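What follows is each chain in one-letter form.
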Amino acid sequence: NNQIELHGSTFTEGRYGQGIKFSSSSDYVEIAHSSSLTPDEMTIEFSFKADSLSTRQILLNKYFTTGNQRGYLVDLNKNKLRFVASSTGSNYQLFGESETLQAEVWYDVKIAFKPGQYVKIYKNGVLSSEFTNSLNGIYDNNRHLLIGQYENHAYPFKGVIDEIRISDVTRE
């Protein structure tokens, strides 16, 4: 329910209806800041299909290193899915998967974050990784949520993202 701006990205056929296509290094979506995008307890859900997995790519980003404004991000570190989060804006924990992903394949992702307890990553409805976390919440950095890239247009995603949902409960 927040203000959404598309920057170069376009609507296309997605996994479940319309998705957003990212095809150049300047394509991204910006969603205006709201504290509802940074709940302490949260579940992030979305579907994606990457054109290639040879470089680091940002899927969702509310994590800015400038001025210690780290919140959270979901990225592809080449062919691995990662969730990175901070409760202070400076210190962070990285939760990285070991499973190798494939390009041009749809993945339904769900990341459940329970402060001080766990991060669970589900892919295509199956629990694929579970981590213990020591974070007492997610830092609310008052920054916009970026979809498809990092700050300063770094690590652009190329592919399609569909059905993004951020909830203030852990859905398992």
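Just so it is clear, the model here is predicted, and its values are computed rather than measured.

Participant: How should the sheet that holds strand 1 (residues 4–7) be read in this particular structure?
Facilitator: Strand-to-strand pairing in sheets goes through backbone hydrogen bonds, with the strands running parallel or antiparallel. Judged by pairing direction, the sheet is antiparallel, and its seven strands sit side by side in the order 1-4-13-6-7-8-9 without closing on themselves. Looking at the sheet topology across the chains shown, the edges are occupied by strand 1 and strand 9 (93–96). Ignoring strand direction, the axes of neighbouring strands in this sheet form an average angle of 15°. Bridging between strand 1 and strand 4 (residues 28–31) involves four bridges; their strand directions are antiparallel. Paired with glutamate 5 across the two strands is glutamate 30, which belongs to strand 4.

Participant: In this structure, what is going on with the pairing of strand 12 (residues 126–132)? I would like to understand it.
Facilitator: Remember that side chains alternate between the two faces of the sheet whenever the strand is regular. Across six bridges, strand 11 (residues 118–123) lies against strand 12 in antiparallel orientation. When the bridges of strand 12 are listed, lysine 120 appears paired with glutamate 130. Linking strand 11 back to strand 12 in an antiparallel pair, the connection comprises two residues, with asparagine 124 at a positive phi of about 55°.

Participant: Explain the sheet that holds strand 5 (residues 42–50) to me, please; I cannot follow it from the model alone.
Facilitator: Sheet architecture is open: seven strands sit in the order 2-3-14-5-10-11-12, paired in antiparallel fashion. Two strands in the sheet have a free side with no partner beyond their single neighbour: strand 2 (10–14) and strand 12. Looking at each pair of strands side by side, their axes are set apart by 30° on average, direction ignored. Examined bridge by bridge, strand 10 (residues 107–114) and strand 11 share six bridges and lie antiparallel to one another. Considered in strand 11, the bridge of isoleucine 111 is made with isoleucine 121.

Participant: Honestly, a nonpolar patch on the surface in this entry has me stumped. Any pointers?
Facilitator: A grouping of Ile4, Leu6 and Phe11 is seen on the molecular surface, where their side chains present a nonpolar patch of about 290 Å² in accessible area. Positionally, isoleucine 4 belongs in strand 1.

Participant: Which parts of the structure should I look at to understand the packing of aromatic side chains?
Facilitator: Here the distance between the centres and the angle between the planes together describe a pair of aromatic rings. Going through the model one piece at a time under the given rule, you end up with nine aromatic pairs. A connected cluster of aromatic rings, assembled from ring pairs, spans Phe22, Phe46, Phe48, Tyr107 and Phe157. The ring of tyrosine 155 carries arginine 56 above its face, with NZ or CZ at 4.4 Å from the centroid. Above the plane of the ring of tyrosine 122 lies lysine 110, whose end atom (NZ or CZ) is 4.9 Å from the centre.

Conventions and cut-offs
Residues numbered from 1 in each chain as written. Predicted model: local features only at pLDDT ≥ 70, side-chain atom pairs only at ≥ 80, totals over all residues. Heavy atoms only, no water. Pairing = 2+ DSSP bridges. Helix = DSSP H or I, 4+ residues; strand = E, 2+ residues; numbered from the N terminus. Axes fitted to C-alpha atoms, helices over the stretch in contact; angles between N-to-C directions. Patch = residues over 30% accessible without salt bridge, like charges linked within 9 Å, V, L, I, M, F, W, Y side chains within 5 Å. Areas by Shrake-Rupley, 256 points an atom, 1.4 Å probe, with all protein chains shown as cover. Salt bridge = Lys/Arg side-chain N within 4 Å of Asp/Glu carboxyl O. Phe/Tyr/Trp six-rings, centres within 6.5 Å; stacked < 30°, edge-to-face > 60°. Lys NZ or Arg CZ within 6 Å of the ring centre and 35° of its normal.

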